[in-house]
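Understanding the architecture of this molecule
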Amino acid sequence: PNTLPGAERGKWKTHKRLRIVSGALGGRRILSPDTPSVRPMMERVRGAAMDMLVARVAKSARGFPTGSRWLDLYSGTGAVGVEAVSRGCAGAHFVECDSDVLKRVLNVNLRSLDVHGVASKNGGAAGDVVVHPMTVEVFLNRHRESRGEPFEFISVTPPYQLVDYSVLLELLGSSGALCSDRSTVLV
């Protein structure tokens, strides 16, 4: 789909009430659409989840392990993937199908925060911060077909009413996006 149900085809305002919690971009505000079809993970929840992940996997107090990559499915604002890069991931892939959210929110957030530059400082290379303008299902099928590199961390934060989790998790498991011995999935 080009846009999500209830998204009013981009006829919504944006606000800057959300912020990145910690890391290199900590305290910076990000755009978010003022529509019920895009519900970013709340700061406290995102911060607590990231704190727990970093405490579990970090080899230093700096953050995520060097070279680690994050896959942000149903990315919306990009808050989860941006938070991961802010905390040390060398790259993040953002999958979002709503063209209005992509143009007016996600791409603006990535540019204004210079997420590419932060990922580069974390050891990332050109192409390590990527936006995939498609549905999650299409992305996972293409990833499987192309035998793409797996991700150490994956966030799955969909619009709840539109997702059959058993189908989604089965597709994720067969996509090759998971590292067989070390991926962590945040749902």
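The coordinates are above.
What this report covers is the structure whose coordinates are included nearby. (Residues numbered from 1 in each chain as written. Predicted model: local features only at pLDDT ≥ 70, side-chain atom pairs only at ≥ 80, totals over all residues. Heavy atoms only, no water.)

1. Re helix 3 (residues 99–112)
Here is the rule: For helices the rule is a DSSP run of H or I covering at least 4 residues; for strands it is a run of E covering at least 2, with both sets numbered from the N terminus onward. For a helix, the expected span equals 1.5 Å multiplied by the residue count minus one. Bending is quantified residue by residue as the angle between axes fitted to the seven-residue window ending at that residue and the seven-residue window starting at it. Between two residues, a contact is recorded if the distance between any of their heavy atoms is within 4.5 Å.
Compared with an ideal rise of 1.5 Å per residue, which puts 14 residues at 20 Å, helix 3 spans 19 Å between its outermost C-alpha atoms and is within 8% of the ideal. The sharpest bend along helix 3 reaches about 30° and sits at leucine 106. Along its buried surface, helix 3 packs onto strand 1 (14–19), strand 2 (29–33), helix 2 (79–86), strand 4 (91–95), helix 4 (115–121) and strand 5 (129–132). In the segment just after helix 3, aspartate 114 is the residue with positive phi, at about 50°.

2. Observations concerning the pattern of salt bridges
Stated precisely, the cut-off is as follows: Whenever a carboxyl oxygen of Asp or Glu lies within 4 Å of a side-chain nitrogen of Lys or Arg, that contact is scored as a salt bridge. Think of it in three bands: with a 1.4 Å probe and only protein chains considered, a residue is buried below 20% of the maximum accessible area for its type, exposed above 50%, and partly exposed in between.
Across all of its chains, the model carries four salt bridges by this definition. In this structure, arginine 19 engages glutamate 43 in a salt bridge whose closest nitrogen and oxygen atoms are separated by 3.0 Å. Note that arginine 19 is positioned in strand 1 and glutamate 43 in helix 1 (residues 43–57), a separation of 24 residues in sequence. Glutamate 83 is the salt-bridge partner of arginine 87, the closest N and O atoms lying 2.9 Å from each other. One exposure class covers both arginine 87 and glutamate 83, and it is buried.

3. Overview of the nonpolar core
Rule in force here: Among buried residues, the Ala, Val, Leu, Ile, Met, Phe, Trp, Tyr and Cys ones that are joined through side-chain atoms within 4.5 Å form a nonpolar core.
Of all hydrophobic cores here, the largest spans 30 residues; its most connected members are Phe64, Trp70, Val82 and Val115. For this core, the elements supplying multiple residues, two or more each, are helix 1, helix 2, strand 4, helix 3 and helix 4. In this structure, phenylalanine 64 is in contact with Met50, Leu53, Val54, Val57, Trp70, Ala84, Arg87, Gly88, Cys89 and Phe153, ignoring residues within four places of it in sequence. Leu71, Val136, Val163 and Leu171 belong to the second-largest nonpolar core, a separate cluster that totals 16 residues.

4. Remarks on the packing of aromatic side chains
Test applied: Aromatic pairing here means that ring centres of Phe, Tyr or Trp (its six-membered ring) are within 6.5 Å. Orientation follows from the plane angle: under 30 degrees is stacked, over 60 is edge-to-face, and everything else is tilted.
Inspection of every chain in the model, using the stated rule, returns three aromatic pairs. Judged by centre distance (5.7 Å) and plane angle (65°), the ring pair of phenylalanine 64 and tryptophan 70 falls under edge-to-face. Plain terms: the ring middles of tryptophan 70 and phenylalanine 153 are 5.5 Å apart, the flat faces sit at 15° to each other, and that makes the pair stacked. On the criterion of sequence distance, the pair formed by tryptophan 70 in strand 3 (residues 69–73) and phenylalanine 153 in strand 6 (residues 153–156) is long-range, its members being 83 residues apart. Note on phenylalanine 153: relative accessible area 3%, which makes it buried. One aromatic cluster in this structure is built from Phe64, Trp70 and Phe153.

Everything listed here is a matter of geometry and, on its own, says nothing about what the molecule does.
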